[in-house]
Amino acid sequence: MDFNDLMPLLSFWIGQIGDLGLDLLWRFIHIVVSLWHIVSGIFEAILSNAISLGLIQKYSAIDIEKLRCLAVVVDIEVARDVSKVIDLLQWLKTIGVKQVGLFDSQGLLKKSKDMILEMVPGSMLLQETGEKDISPDRKGIIDIEFISSSDNKEAVVKAANILLEKHLKSNNHPEKDEEGDNVFTESHLNEALRVVGENVRVPDLMLVYGPVRSHLGFPAWRLRYTEIVHMGSLKYMRYGSLLKAIHKFTGVRQNYGV
Amino acid sequence: MLSLVSIFLTCLALILIPCLFIFRRPSFPLFLKKIIIFINTTASQYNDEEERYGTIGEKGKRGRMPKHVGIILDGNRRWANKRGLRVSEGHEAGARTVLEHAMDCFAMGINTLSLFAFSTENWGRPDGEVNFLMAMFEKNFKSEMAYFDRYKVKISVIGKRTNMPQSLLGLIHEVEEATKNYKEKHLIMALDYSGRFDILQACKSLAEKTKNGLIQVEDINESMIDKELMTSCSEYPNPDLLIRTSGEQRISNFFLWQSAYTELYFSNVLWPDFGEAEYLKALTWYQQRQRRFGRRV
């Protein structure tokens with residue numbers, strides 16, 4: 001075997017060794033990031049336990065008035081464990097949260113709404129109260145809204161059909177049309193969503209419980225300026241972490257793009 | 001011999017990798033670029049396997065790359081304030097970061113990169129800042145058109161466009177026309193974009209089609225709205241990963257409809273400082289999400 005035959009073989013082996021080294025390197029990047037997450041998780045656990053025990057003063061007084069509407073997104077795998085959801089709602093009520101929108105993509109919590117409302121003292125279904133009843137004097141009351149994926153894109157399609165019919169009517173009878181050509185504005189879609197029975201209130205804060213850091217199909221129209229916080233697994237939820245997330249939200253100052 | 005080399009590379013990695021996360025700007029750009037090229041090769045190998053066999057093992061999930069990444073470019077003004085610079089200098093630094101790293105993203109195997117550069121709400125900023133931003137977009141489209149053409153990057157601009165200067169609109173049209181046939185790499189610039197407006201214009205577009213008899217009212221459904229959204233210009237309209245820089249944890253009216261199952265990654269780094277190490281961290285994080293929770297929700 002002469003030198004010319006050896007060269008391609010050598011190049012091949014050098015390439016293989018290089019690839020193996022890079023593979024090992026990429027695995028180690030993953031190991032380092034995993035270790036970082038483990039250490040952060042341990043630190044978080046210690047901190048939230050300290051908060052739960054009232055050892056950290058700044059979390060003992062929260063300006064809850066700033067949090068007018070809270071959304072809680074629950075992964076479907078954990079939505080089946082309604083007892084955890086009930087515990088969470090009781091904690092939220094203790095903190096002083098007045099309105100909560102509970103979301104899971106499949107509507108499992110909607111199916112259990114009667115049980116949830118019964119098990120959480122002082123809870124009322126949001127539709128029964130309406131927005132005008134939400135006042136600071138209603139102490140100890142928590143309004144709960146149950147939301148699923150059908151309230152997202154499906155609802156927008158229904159609302160779009162309403163606007164569409166309005167648009168077609170205004171084209172057929174221009175003399176009767178007071179609004180002019182444009183029925184496709186945000187306020188019109190808001191109104192159409194209300195007509196199909198949807199709440200258009202934008203949550204101030206969204207807590208996501210589950211393995212995925214995603215809002216999992218929460219009504220898109222309502223998400224514009226919502227703060228989104230991933231809380232981890234509902235199974236291992238901690239009161240201290242909840243307090244910390246809400247406290248952090250009360251310190252956020254939004255400029256709304258301006 | 002092979003094992004000795006592997007051991008040597010492993011020790012090198014143990015020393016060098018922590019540096020990636022300690023120092024913002026690693027001093028081994030060539031080294032990182034090698035990793036990026038390797039990831040791209042591995043990712044395409046595993047994506048092919050998944051398409052062929054419909055399954056992917058743990059090892060494969062590690063190599064999976066997002067096809068569409070969205071980035072909310074936040075923090076230019078704070079970056080400038082921290083350094084005692086003018087706001088315009090912060091925006092210029094942000095634009096340099098876009099141009100420096102766009103090609104790295106495509107080298108990693110990302111097909112579509114969407115950048116939220118200017119929202120509809122941003123028109124409310126001081127006139128001086130807005131005028132500067134419009135001029136900067138114009139300057140960069142002009143100067144980088146040849147670059148994107150050379151590297152076969154398709155450029156699309158999504159947004160309202162009603163308040164933009166005519167000169168900028170003309171340039172946008174020129175760049176889009178010049179690059180419309182490229183497929184492998186797609187850069188979407190969201191200028192004067194609003195997620196709510198995107199949904200409304202999709203509804204309006206369907207209304208026009210119904211009025212013209214092209215479709216029936218009863219046929220309108222979610223997938224029809226999907227096709228009318230501005231992101232329908234992309235082969236992958238829904239982002240797999242959405243990154244927001246500067247520590248804010250909201251999507252601020254970006255891709256509201258499209259982000260239902262998008263992984264959300266919030267980085268504390270200000271946009272002009274978002275470099276290779278931060279990209280690697282975001283992508284590693286994304287791959288870990290896939291590895292642990294690969295089940296479909």
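The rules we used
- Residues numbered from 1 in each chain as written.
- Chains lettered and ligands numbered in written order.
- Predicted model: local features only at pLDDT ≥ 70, side-chain atom pairs only at ≥ 80, totals over all residues.
- Heavy atoms only, no water.
- UniProt positions renumbered as here; feature names shortened; annotations may be inferred.
- Helix = DSSP H or I, 4+ residues; strand = E, 2+ residues; numbered from the N terminus.
- Rg over C-alpha atoms; globule rule 2.2 N^0.38 Å.
- Contact = heavy atoms within 4.5 Å.
- Patch = residues over 30% accessible without salt bridge, like charges linked within 9 Å, V, L, I, M, F, W, Y side chains within 5 Å.
- Areas by Shrake-Rupley, 256 points an atom, 1.4 Å probe, with all protein chains shown as cover.
- Salt bridge = Lys/Arg side-chain N within 4 Å of Asp/Glu carboxyl O.
- Buried < 20%, exposed > 50% of the residue type's maximum accessible area, 1.4 Å probe, protein only.
- Buried area = accessible area lost by both parts, 1.4 Å probe.
- Polar contact = N/O pair within 3.5 Å; in protein donor to acceptor, adjacent residues only side chain to side chain.
- Nonpolar A, V, L, I, M, F, W, Y, C, P; charged D, E, K, R; others polar.
- Phe/Tyr/Trp six-rings, centres within 6.5 Å; stacked < 30°, edge-to-face > 60°.
- Pairing = 2+ DSSP bridges.
- Axes fitted to C-alpha atoms, helices over the stretch in contact; angles between N-to-C directions.
- Parallel < 35°, antiparallel > 145°, perpendicular 65-115°, else oblique.
- Left-handed = near helix turned anticlockwise from the far one by under 90°.
- Core = buried A, V, L, I, M, F, W, Y, C linked by side-chain atoms within 4.5 Å.

In the nomenclature of an unreviewed UniProt entry, chain B is known as Alkyl transferase of Raphanus sativus. Quoted straight from UniProt, the Function (unreviewed entry) entry for chain B says "Catalyzes cis-prenyl chain elongation to produce the polyprenyl backbone of dolichol, a glycosyl carrier-lipid required for the biosynthesis of several classes of glycoprotein."

The annotation that UniProt attaches to chain A under Subcellular location (unreviewed entry) is "Endoplasmic reticulum membrane". According to the UniProt record, the Catalytic activity (unreviewed entry) comment for chain A reads "n isopentenyl diphosphate + (2E,6E)-farnesyl diphosphate = a di-trans,poly-cis-polyprenyl diphosphate + n diphosphate".

Our next topic: the overall build of chain A. Helix and strand counts for chain A stand at nine helices and six strands. Since a compact globule built from 258 residues should have a radius of gyration of about 18 Å, the 26 Å found for chain A marks it as more spread out than a globular shape. Here the contacts in chain A between residues at least 6 apart in sequence split such that 71% fall between residues at least 24 apart.

Right, let's get into a nonpolar patch on the surface. Residue and element names in this part refer to chain A. On the surface, Leu6, Met7, Leu9, Leu10, Phe12, Trp13 and Ile14 cluster together to form a nonpolar patch covering roughly 670 Å² of accessible area. By the element assignment, Leu9 lies in helix α1 (residues 3–52). Exposure remark for Leu9: the relative accessible area of 41% places this residue in the partly exposed category.

Here the focus is the interface of chain A and chain B. Many analyses report the size of an interface as the accessible area lost when the parts associate. In this assembly, 65 residues from chain A lie in contact with 61 residues from chain B. In total, chain A and chain B occlude about 6,100 Å² of area from one another, counting both sides; carbon and sulfur atoms represent 67% of this. The interface formed by chain A and chain B contains two salt bridges. One salt bridge in this structure joins Arg250 of chain B and Glu227 of chain A, with 2.3 Å as the shortest N-O distance. On inspection of chain A and its partner chain B, the count reaches 16 residue pairs in polar contact (both at pLDDT 80 or more). Among the elements of the structure, α1, α2 (76–79), α7 (153–172), α8 (186–195) and β6 (227–232) of chain A are those that each provide at least two residues to the side of chain A that touches chain B. Of the residues forming the side of chain A that touches chain B, the biggest block, 17 residues, is contributed by α1 of chain A. Across the side of chain A that touches chain B, the residue classes tally to 31 nonpolar, 20 polar and 14 charged.

This brings us to the packing of aromatic side chains. Residue and element names in this part refer to chain B. Within the structure shown, the criterion is met by 15 aromatic pairs over all chains. Taken together, a centroid distance of 5.0 Å and an interplanar angle of 55° make the contact between Tyr147 and Tyr151 tilted. Residue classification places Tyr147 among the partly exposed residues on the basis of a relative accessible area of 22%. Relative to Trp285, the ring of Tyr265 lies with its centre 5.1 Å away and its plane at 55°, an arrangement referred to as tilted. Taken together, the positions of Tyr265 in strand β6 (residues 263–266) and Trp285 in helix α10 (residues 276–292) put the pair 20 residues apart, joining distant regions of the chain. Per residue, the accessibility class of Tyr265 equals that of Trp285, and both read buried. Taken together, the ring pairs in this structure connect Phe116, Tyr193, Phe254 and Phe255 into an aromatic cluster.

Attention now goes to the sheet that holds strand β5 (residues 205–209) of chain A. Residues and elements named next belong to chain A. If you trace the six strands from one edge of the open sheet to the other, you get β3-β4-β2-β1-β5-β6, paired in parallel fashion. A single partner strand is all that each edge strand has here, and the edge strands are β3 (123–125) and β6. Strand-to-strand twist of the sheet, defined as the mean angle between neighbouring strand axes without regard to direction, takes the value 25°. Here helix α9 (residues 239–250) sits on the sheet in contact with β5 and β6, set at roughly 150° to β5.

On to the packing of α7 of chain A against α8 of chain A, then. Residue and element names in this part refer to chain A. Look at α7 against α8: their axes get within 8 Å of each other, and the N-to-C directions meet at 115°. By the criterion of interaxial angle, the relationship of α7 to α8 is roughly perpendicular. Between α7 and α8 lies a crossing of right-handed hand. In this structure, α7 uses Ala155, Val156, Ala159, Ala160, Ile162, Leu163 and Lys166 to contact α8, whose residues at the interface are His188, Leu189, Ala192, Leu193 and Val195. Of the residues belonging to the contact of α7 with α8, the class tally is ten nonpolar, one polar and one charged.

Counting residues in hydrophobic clusters, the biggest one holds 46 residues, and the most contacted among them are Ile71, Leu113, Phe137, Phe141, Leu187 and Leu191 of chain B. Sort the elements by how many residues they give to this core and helix α6 (residues 127–150) of chain B lands first, with eight residues. Core analysis: the second largest hydrophobic core is formed by 40 residues, Val100, Met231, Ala245 and Phe249 of chain A among them.

With that settled, consider the packing of α6 of chain B against helix α7 (residues 166–179) of chain B. Residues and elements named next belong to chain B. α7 packs onto α6 with a crossing angle of 20° between their chain directions and a minimal axis gap of 10 Å. The orientation of α6 with respect to α7, classified from their angle, is roughly parallel. Taken as a pair, α6 and α7 cross one another with a handedness that is left-handed. Contact residues: α6 offers Met134, Phe137, Glu138, Phe141, Lys142, Met145 and Asp149, while α7 offers Ser167, Leu168, Leu171, Ile172, Glu174, Val175 and Ala178. Its residues assigned to classes, the contact of α6 with α7 shows nine nonpolar, one polar and four charged.

Of note, Leu216 of chain A is a non-glycine position whose phi angle comes to about 60°, a positive value. One can find Leu216 of chain A in the loop between β5 and β6. A relative accessible area of 3% places Leu216 of chain A in the buried class. For Ser252 of chain B, which is not a glycine, the phi torsion comes out positive at approximately 45°. Relative to the helices and strands, Ser252 of chain B resides in the loop between β5 (241–244) and β6.

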